[in-house]
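# Remarks on the overall topology
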Amino acid sequence: MADVPVEVKKTAPAQTNVPDVWHSFRSEMDRLFDRFGSGFGFPSLRRMFDIEPAWRSSFSFSAPAIDMSEDDIAYKISAALPGIDAKDVDISVSGDTLLLRGEKRQEKEEKDKNYHFSERAYGSFQRAFELPASVDRDKVAADFSKGVLTITLPKRAEAQKPTKKIEVRSS
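Described below are features of the structure shown in this document.

So, how was this worked out
Residues numbered from 1 in each chain as written. Predicted model: local features only at pLDDT ≥ 70, side-chain atom pairs only at ≥ 80, totals over all residues. Heavy atoms only, no water. Core = buried A, V, L, I, M, F, W, Y, C linked by side-chain atoms within 4.5 Å. Buried < 20%, exposed > 50% of the residue type's maximum accessible area, 1.4 Å probe, protein only. Helix = DSSP H or I, 4+ residues; strand = E, 2+ residues; numbered from the N terminus. Contact = heavy atoms within 4.5 Å. Pairing = 2+ DSSP bridges. Axes fitted to C-alpha atoms, helices over the stretch in contact; angles between N-to-C directions. Salt bridge = Lys/Arg side-chain N within 4 Å of Asp/Glu carboxyl O.

### Remarks on the nonpolar core
With 15 residues, the main nonpolar core has Leu 81 and Leu 153 as its most contacted residues. Listed by contribution, the elements that provide at least two residues to this core are β2 (74-80), β4 (97-111), β5 (116-130) and β7 (148-154). Those residues in contact with Leu 81, other than ones at most four positions away along the chain, are Pro 64, Val 89, Phe 125, Phe 144, Gly 147 and Leu 149.

### Brief notes about the sheet that holds β5
Read across the open sheet, the 3 strands follow the order β3-β4-β5; overall the sheet is antiparallel. The two strands at the open ends of the sheet, each matched to only one other strand, are β3 (89-94) and β5. Direction aside, the axes of adjacent strands within the sheet are offset by 10° on average. Sheet analysis places β4 next to β5, joined by 15 bridges and oriented antiparallel. Residue pairing in the sheet places Leu 99 in a bridge with Ala 128 of β5.

### Description of the pairing of β4
Both β3 and β4 contribute to a ladder of 6 bridges, which runs antiparallel. Bridge pairing in β4 places Ser 94 opposite Thr 97. Counting the residues that bridge the hairpin from β3 to β4 gives 2 residues, and of these Gly 95 lies at a positive phi of roughly 65°. Where β4 hands over to β5, the hairpin turn is made up of 4 residues, counted between the paired strands.

### Let's talk about the pattern of salt bridges
All told, the structure shown has 10 salt bridges when counted by the stated rule. The partner of Asp 88 in a salt bridge is Lys 87, with the nearest N and O atoms 3.7 Å apart.

### Some thoughts on the side chain of Asp 88
Within the secondary structure, Asp 88 is located in the loop between β2 and β3. Filtering out sequence-adjacent residues up to four positions away, Asp 88 remains in contact with Arg 101, Gly 102, Glu 103 and Arg 105.

Dropping the structure here:
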């Protein structure tokens with residue numbers, strides 16, 4: 001008998017319902033880096049390396065981080081709101097709750113000889129804070145300067161009383 005080469009065809013492994021761990025891991029890492037980078041105005045890694053077309057990028061805007069402080073006469077809440085105008089911020093006090101709401105609008109347009117690119121994105125946020133009983137709700141004030149919102153919550157007069165020092169005697 002003659003030796004005739006036989007072509008062996010390899011079949012793809014059977015499909016299973018087990019998720020692809022590496023694909024899932026990579027997707028999660030991409031999402032993490034995209035979320036981290038967007039907070040600083042960097043383009044996403046997928047966009048930088050053209051894995052995803054620029055016009056399919058998503059816009060997300062989450063609630064701003066805040067700083068809270070207290071001194072003898074007031075509480076202060078500060079929030080960095082870059083790219084937002086004072087007219088797009090709404091602050092209200094209802095009962096024991098301070099509500100901070102805002103909206104960011106972002107528009108980008110590029111024109112060149114060979115193309116016209118236009119992109120619009122909108123995002124809104126809302127934060128609620130429970131007010132301490134010592135806050136004078138009628139005197140709450142807000143200041144917006146250079147992208148930083150500062151809300152001053154003055155304490156009532158009786159809450160501003162100096163503390164009494166108690167002497168400790170030893171026997």
